[in-house]
Amino acid sequence: MNLALLGPPGAGKGTQAKKLFEEFGVPQTSTGDILRDAVRRGTELGKKAAPLMSAGKLVPDEVMVGIVLDRLRQPDLSRGFVLDGFPRTIPQAEALGSALERAGKKLDAVISIQVPEETVVERISGRRTCPRDGSVYNIYQNPPKRSGICDQCHGELVQRDDDKPEKVRERLAVYRAQTLPLEAYYDKQGLLRRINGVGPPEGIFAEIKTALGRS
Ligand SMILES: [Zn+2]
């Protein structure tokens with residue numbers, strides 16, 4: 001089973017990818033993990049990506065695509081994969097499509113997790129992290145016992161810059177402009193499955209299984 005997950009930041013793609021792995025044994029391949037792995041192993045493309053990442057810059061399409069395709073050739077993915085965070089643009093999707101074709105593979109479905117933008121803003125801007133031990137809370141869904149204080153170490157919680165509402169809106173605008181057109185792209189190929197991403201993760205996963213004909 002070869003899948004790709006679409007959805008804005010905060011849609012819960014990582015959670016669903018983990019559930020897909022637990023139920024069907026298809027490894028999650030998140031772009032962040034793949035990138036960090038390529039950099040750590042010092043592959044040719046990893047060496048190109050490393051300075052960009054440490055400068056906080058975007059890794060260009062051709063490097064990103066190369067790194068993902070390297071990963072897809074590794075033996076643990078021979079039975080399938082769940083792409084999380086890739087493709088992010090139409091050119092990436094086209095590169096992925098032709099590389100899979102050359103390898104005699106194809107995507108079986110593209111799952112788009114739909115969450116209203118204001119819900120995303122609330123989910124992400126509700127995050128609070130502990131700078132000391134990395135614990136993550138959400139003031140709406142998973143609040144600490146005492147407001148603003150880490151349960152683990154009793155240190156003060158902070159809101160990361162990236163999680164501030166105006167930053168979240170910027171990320172959503174980028175998603176809308178660059179990634180959302182992939183819905184129409186994959187719909188035309190008959191691969192798109194739209195899933196309601198509001199509600200408990202178990203219910204969302206049940207919908208995904210139904211959409212895949214695996215319930
Ligand atoms: Zn803490």
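Residues numbered from 1 in each chain as written. Predicted model: local features only at pLDDT ≥ 70, side-chain atom pairs only at ≥ 80, totals over all residues. Heavy atoms only, no water.

Structural notes on the packing of aromatic side chains
Item 1. Inspection of every chain in the model, using the stated rule, returns 1 aromatic pair.
Item 2. A centroid spacing of 5.0 Å and a plane angle of 80° characterise the contact between Tyr-185 and Tyr-186, whose relative ring orientation is edge-to-face.
Item 3. Residue classification places Tyr-185 among the partly exposed positions, given a relative accessible area of 21%.
Item 4. Its relative accessible area of 2% is what places Tyr-186 among the buried residues.
Item 5. Lying across the ring of Phe-24, Arg-214 places its NZ or CZ 5.2 Å from the centre. (Phe/Tyr/Trp six-rings, centres within 6.5 Å; stacked < 30°, edge-to-face > 60°. Buried < 20%, exposed > 50% of the residue type's maximum accessible area, 1.4 Å probe, protein only. Lys NZ or Arg CZ within 6 Å of the ring centre and 35° of its normal.)

Re the pattern of salt bridges
Item 1. In the structure shown here, the tally under the stated rule is 16 salt bridges.
Item 2. For Asp-33, the salt bridge goes to Arg-36, with nearest N and O atoms at 3.0 Å. With Asp-33 and Arg-36 both in helix H2 (residues 31-41) and 3 residues apart, this pair spans about one turn of that helix.
Item 3. We classify Arg-36 as partly exposed; its relative accessible area is 48%.
Item 4. A salt bridge links Asp-163 to Arg-160; the shortest N-O distance between them is 3.1 Å.
Item 5. The class for Asp-163 is buried, based on a relative accessible area of 1%.
Item 6. Relative accessible area serves as the criterion here: at 40%, Arg-160 is assigned to the partly exposed category.
Item 7. Via salt bridges that share partners, Asp-37, Arg-40 and Arg-41 belong to a single interconnected network. (Salt bridge = Lys/Arg side-chain N within 4 Å of Asp/Glu carboxyl O. Helix = DSSP H or I, 4+ residues; strand = E, 2+ residues; numbered from the N terminus.)

Details of the coordination of the zinc ion
Coordination angles at a metal have ideal targets, namely 109.5 degrees for four tetrahedral donors and 90 or 180 degrees for six octahedral donors.
Item 1. Only Cys-130 (SG), Asp-133 (OD), Asp-133 (OD), Cys-150 (SG) and Cys-153 (SG) from the protein reach the zinc ion as donors, at distances of 2.2 to 2.7 Å.
Item 2. Each donor residue of the zinc ion belongs to the same chain, and together they define the spacing C-x2-D-x16-C-x2-C. Taken together, the positions of Cys-130 in the loop between strand S5 (127-129) and strand S6 (136-138) and Cys-153 in the loop between S6 and helix H7 (165-179) put the pair 23 residues apart, joining distant regions of the chain.
Item 3. Look at Cys-130 and you get buried, because its relative accessible area is 3%. (Donors = N, O, S within 2.8 Å, 3.2 Å for Na, K, Ca; no water.)

Focus: the sheet that holds strand S7 (residues 192-196)
Whenever strands of a sheet pair, they do so through backbone hydrogen bonds, lying parallel or antiparallel.
Item 1. Spatial ordering of the open sheet is given by S2-S3-S1-S4-S7, a layout of 5 strands whose pairing is parallel. Edge strands, defined here as strands with exactly one partner in the open sheet, are strand S2 (28-30) and S7. This sheet shows a mean twist of 25° between the axes of neighbouring strands, independent of strand direction.
Item 2. Here S2 runs beside strand S3 (residues 81-84); their pairing, made up of 3 bridges, is parallel. Paired with Gln-28 across the bridge in S3 is Val-82. (Pairing = 2+ DSSP bridges. Axes fitted to C-alpha atoms, helices over the stretch in contact; angles between N-to-C directions.)

Side note on the side chain of Asp-84
Item 1. With respect to the secondary-structure elements, Asp-84 resides in strand S3.
Item 2. Despite being buried, Asp-84 has no salt bridge partner; Lys-13 is the closest side chain of opposite charge, sitting 4.8 Å away. (Lys, Arg positive; Asp, Glu negative; His and termini not counted.)

Digging into the layout of surface pockets
Item 1. Estimates place the volume of the largest pocket at around 1,800 Å³.
Item 2. Taken together, 49 residues line the largest pocket, and the ones lying closest to its centre are Pro-9, Lys-13, Gly-85, Arg-88 and Arg-171.
Item 3. Listing elements by their share of the lining of the largest pocket, those giving two or more residues are strand S1 (2-6), helix H1 (13-24), H2, helix H4 (61-72), helix H6 (117-125), H7 and helix H9 (201-211).
Item 4. Top contributing element to the lining of the largest pocket by residue count: H7, with 7 residues.
Item 5. In the lining of the largest pocket, the residues fall into 17 nonpolar, 18 polar and 14 charged.
Item 6. One number sums up the size of the second largest pocket: a volume of about 150 Å³. (1 Å grid on protein atoms, 1.4 Å probe; cavity = no way out; pocket = protein on both sides within 12 Å on 5 of 7 lines; lining within 4 Å. Points joined across faces, edges and corners; volume = space filled by probe spheres on them. Nonpolar A, V, L, I, M, F, W, Y, C, P; charged D, E, K, R; others polar.)

Side note on the nonpolar core
One broad trend across soluble globular proteins is that nonpolar side chains are buried collectively.
Item 1. Counting 30 residues, the largest nonpolar core has Ile-67, Leu-72, Leu-83, Leu-96, Leu-107, Val-110 and Tyr-186 as the members making the most contacts within it.
Item 2. Counting only elements with at least two residues in this core, the list comes to S1, H2, helix H3 (44-54), H4, S3, helix H5 (90-102) and helix H8 (181-188).
Item 3. Per-element accounting of this core gives the leading share, 7 residues, to H4.
Item 4. In contact with Leu-83, not counting residues within four places along its chain, are Leu-3, Ala-4, Leu-5, Thr-29, Val-68, Leu-72 and Leu-96.
Item 5. Grouped together as the second largest cluster of nonpolar side chains are 23 residues, Met-1, Ile-111, Ile-124 and Phe-205 included. (Core = buried A, V, L, I, M, F, W, Y, C linked by side-chain atoms within 4.5 Å. Contact = heavy atoms within 4.5 Å.)

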